[in-house]
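Listed below, chain by chain, are the residues.
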Amino acid sequence: MSTPATPRADRIVVVDDDARIRDLLRRYLSQEGFDVLLAEDAKALNRVLTRETVDLIVLDLMLPGEDGLSICRRLRAASDATPIIMLTAKVEDVDRIVGLEVGADDYLPKPFNPRELLARIQTILRRAASGAAAGARQLRFEGLAIDLDRRSVQRGADSIELTSTEFELLALLAHAPHKVFSRDDIL
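These remarks concern the structure in this document. Owing to the predicted nature of the structure, the values given are computational and were not obtained by experimental measurement.

1. A word on the overall build of the protein
Then comes step 1: Across its full length, the protein carries 7 helices and 9 strands.
Then comes step 2: Burial status across the protein gives 37% buried among its 187 residues.
Then comes step 3: Taking contacts inside the protein between residues at least 6 apart in sequence as the whole, the part at least 24 apart equals 54%.

Below you can see the structure in the form of structure tokens.
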């Protein structure tokens, strides 16, 4: 008799150029049962998102190179629905409003209480899980709708006919758009 697989811990990426904050959040969130990945800037985040599927991003606004607002805007334009919590020293109302308008799910000013960040993370992940369980199993990308229950694909008003294998491959790739799959993963 085989033992049931243990569920994967929620995976969080912390993107901050301050090594002390990255280390603090890695230790704290790991103790709370999360799988924590770290990135110091947009390039490092891009490398993580290419290799891994993540459940939430904690994103600093003031980063070297591409800033957090630009990263958030870019991810949302690519139809990436990964929840984002902005964590930043910018505390003006206008900064919070702009952060939320470009697609952040929440905004927490520095200095912050790690317990408050944990509560916000848990709330967002709980909301994302209940929304996925309650709604129809559909994936949407720029003009493309994939209905996993009906095994159908639509581009705008047009239905796209796919073989079973083509549909399975599309569904696999669509579930993790930033992940690079090996041949073995695909098979």
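Picking up after the structure, the text goes on.
2. Details of the side chain of Asp106
Then comes step 1: Its place among the elements puts Asp106 in strand β5 (residues 106-109).
Then comes step 2: The exposure class of Asp106 is buried, given its relative accessible area of 18%.
Then comes step 3: Here the side chain of Asp106 touches Arg120 through a polar contact of 2.7 Å, side chain to side chain.
Then comes step 4: Those residues in contact with Asp106, other than ones at most four positions away along the chain, are Ile84, Ile85, Met86, Leu100, Arg120 and Ile124.

3. Side note on the pairing of strand β3 (residues 56-59)
Here is the key point about a regular strand: its side chains alternate between the two faces of the sheet.
Then comes step 1: What you see with β3 is no split at all: Leu56 and Val58 on one side and Ile57 and Leu59 on the other are buried throughout.
Then comes step 2: As paired elements, strand β1 (residues 11-15) and β3 share 4 bridges and run parallel to each other. The partner of Ile12 across the bridge, within β3, is Leu56.
Then comes step 3: One ladder, built from 3 bridges, connects β3 with strand β4 (residues 84-88); its direction is parallel. Across the sheet, the residue bridging to Val58 is Ile85, located in β4.

4. Some points on helix α3 (residues 68-77)
Then comes step 1: Along α3, the positions that sit buried rather than exposed are Gly68, Leu69, Ile71, Cys72 and Leu75. In a view along the axis of α3, the buried residues occupy a sector of 160 degrees, so they form one face of it.
Then comes step 2: In this structure, the buried residues of α3 make contact with α2 (42-51), β3, β4 and α4 (93-101).
Then comes step 3: The N-cap residue of α3 is Asp67: its side-chain oxygen and the backbone nitrogen of Leu69 are 3.1 Å apart.

5. A look at a nonpolar patch on the surface
Then comes step 1: Taken together, the side chains of Leu169, Leu173 and Ile186 present a nonpolar region at the surface, about 230 Å² in accessible area.
Then comes step 2: Positionally, Leu173 belongs in helix α6 (residues 164-175).
Then comes step 3: A residue is classified by how much of its surface remains accessible, and Leu173, at 39% relative accessible area, is partly exposed.

6. As for the sheet that holds strand β2 (residues 35-39)
Then comes step 1: Strand order in this open sheet of 5 strands is β2-β1-β3-β4-β5, and the pairing throughout is parallel. Whereas interior strands pair on both sides, the edge strands pair on one side only; in this sheet they are β2 and β5. The sheet shows a mean angle of 20 degrees between the axes of neighbouring strands, direction not considered.
Then comes step 2: Contacting β1, β2 and β3, α2 runs over the sheet at an angle of about 140 degrees to β2.

7. Let's talk about the nonpolar core
Then comes step 1: Core analysis: the largest hydrophobic core is formed by 23 residues, its most contacted members being Val13, Val15, Ile57, Leu59 and Met86.
Then comes step 2: The set of elements that each furnish at least two residues to this core consists of β1, β2, α2, β3, α3 and β4.
Then comes step 3: Among the elements that make up this core, the one with the highest residue count is α2 (5 residues).
Then comes step 4: Once residues within four sequence positions are removed from consideration, Ile57 is found in contact with Val13, Val15, Leu49, Leu75, Thr82, Pro83, Ile84 and Ile85.
Then comes step 5: Listed in part, the 19 residues of the second largest apolar core include Ile12, Ile21, Val58 and Leu118.

Reading the values: rules and limits
- Residues numbered from 1 in each chain as written.
- Predicted model: local features only at pLDDT ≥ 70, side-chain atom pairs only at ≥ 80, totals over all residues.
- Heavy atoms only, no water.
- Helix = DSSP H or I, 4+ residues; strand = E, 2+ residues; numbered from the N terminus.
- Buried < 20%, exposed > 50% of the residue type's maximum accessible area, 1.4 Å probe, protein only.
- Contact = heavy atoms within 4.5 Å.
- Polar contact = N/O pair within 3.5 Å; in protein donor to acceptor, adjacent residues only side chain to side chain.
- Pairing = 2+ DSSP bridges.
- Arc of directions from axis to C-beta.
- Patch = residues over 30% accessible without salt bridge, like charges linked within 9 Å, V, L, I, M, F, W, Y side chains within 5 Å.
- Areas by Shrake-Rupley, 256 points an atom, 1.4 Å probe, with all protein chains shown as cover.
- Salt bridge = Lys/Arg side-chain N within 4 Å of Asp/Glu carboxyl O.
- Axes fitted to C-alpha atoms, helices over the stretch in contact; angles between N-to-C directions.
- Core = buried A, V, L, I, M, F, W, Y, C linked by side-chain atoms within 4.5 Å.

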